Amino acid sequence: MSGSPTARRRRLAIELKRLRDESSLTCSQVGKELDWSSSKVSRMETGQGRVQPSDVDALCRLYGTADELRELLKSLAKESKTKGWWHAHSSAIPAWFSVYVGLEQAVSDLRTYQAEFIPGLLQTSEYAAELSRAWVDHTPDDIQRMVDVRMRRQELLTSESAPDLWAVVHESALLHTVGSREVMARQLERMLEIQKLKNVTVQVLPFNAGAYPTTGSFTILGFPEQEDPDVVYREGLTDSVYLEEPKDVALYTKAFDHLRALALSPQRSALFITRLLEENSR
């Protein structure tokens, strides 16, 4: 199991819901049996807030769970209360994005489509700073903290258990000048450098690709354990959406497969970025 407390909390929530479903009990019935509110049971099954090992023990005894599984779930509850490195940067990470960072640390693969900007895991510090600077209420210290977090996240791609990253980037993101021509030149160079990693694939979706099935940027997070289903992540200005229903994940997976089929091959994409870099340097 991943060292990410966020991923452990998610696994625990999935297991607790599965056990209740197998017992054919509702949240209200469980709450009545344990003298809890039904909302407390629901929060446990959706990963909202901390779950105490004692609560897990009470649930497992009610469900008649085997001792081995009960102890495993109690351990997950205990370990999910630890803090990841990103918690030390809470002032630079909104609560809704902190969940994403925690899940990102546990993935085995990431599939992302970005329509407006370069994906965060591929950004240079300069490019990231310019994006952060676009928010007028950010102080220089805020911006630096946000950039530090983004650079720390990128260490994932070269870690011992590095996930596979497959990024489809729209041509408009490459042509959108963020900061200056010099900043963009270094950003394009960074993309050419990082796509040399065996676990990173970058494709460019050109303007002439035709129609495609998407309403904006999204990321699909895949996990190494079969019990942990994929999650689709979409980000807004003030919040984010996490989709876990199989039908939703299947739809976005199909959309991503369509996008990468329409995009330039990784080799042609590298040539495309190289050409943009040469034009940008003139």
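These remarks concern the structure in this document. As the structure is a computational prediction, the values presented were derived from the model and not from experiment.

Following the criterion strictly, the structure yields 19 salt bridges and no others. The shortest N-O distance in the salt bridge between arginine 70 and aspartate 57 comes to 3.2 Å. Highlighted residues: arginine 70 in helix α5 (residues 67-79) and aspartate 57 in helix α4 (residues 53-63), separated in sequence by 13 residues. Aspartate 57 is paired through a salt bridge with lysine 74; the nearest N and O atoms lie 3.6 Å apart. Pair noted here: aspartate 57 is in helix α4 and lysine 74 is in helix α5, with a separation of 17 residues, a long-range link.

A few words on the packing of helix α1 (residues 5-22) against helix α6 (residues 95-104). Packing of α1 against α6 leaves a shortest axis separation of 7 Å and a crossing angle of 90°. Regarding the angle of α1 to α6, the classification is roughly perpendicular. Contacts between α1 and α6 involve Thr6, Ala7 and Arg10 on the former and, on the latter, Val99, Gly102 and Leu103.

A separate point is the layout of surface pockets. Taken as a whole, the largest pocket encloses approximately 1300 Å³ of empty space. Residue lining of the largest pocket: 43 residues in total, with Trp96, Phe97, Arg150, Glu235 and Gly236 positioned closest to the centre. Mapped by element, the contributors of at least two residues to the lining of the largest pocket are α6, β1 (109-114), α7 (125-133), α8 (140-154), β4 (218-222) and β5 (231-235). Sort the elements by how many residues they give to the lining of the largest pocket and α8 lands first, with six residues. In terms of residue class, the lining of the largest pocket is made up of 23 nonpolar, twelve polar and eight charged. Lining of the second largest pocket is provided by 29 residues; of these, Arg10, Glu45, Thr46, Gly47 and Glu244 occupy positions nearest its centre. Counting residues per element, the ones that place at least two in the lining of the second largest pocket are α1, α3 (38-45), α6 and β6 (240-243).

About the cut-offs
- Residues numbered from 1 in each chain as written.
- Predicted model: local features only at pLDDT ≥ 70, side-chain atom pairs only at ≥ 80, totals over all residues.
- Heavy atoms only, no water.
- Salt bridge = Lys/Arg side-chain N within 4 Å of Asp/Glu carboxyl O.
- Helix = DSSP H or I, 4+ residues; strand = E, 2+ residues; numbered from the N terminus.
- Axes fitted to C-alpha atoms, helices over the stretch in contact; angles between N-to-C directions.
- Parallel < 35°, antiparallel > 145°, perpendicular 65-115°, else oblique.
- Contact = heavy atoms within 4.5 Å.
- 1 Å grid on protein atoms, 1.4 Å probe; cavity = no way out; pocket = protein on both sides within 12 Å on 5 of 7 lines; lining within 4 Å.
- Points joined across faces, edges and corners; volume = space filled by probe spheres on them.
- Nonpolar A, V, L, I, M, F, W, Y, C, P; charged D, E, K, R; others polar.

These values are about where atoms sit, not about what they do.
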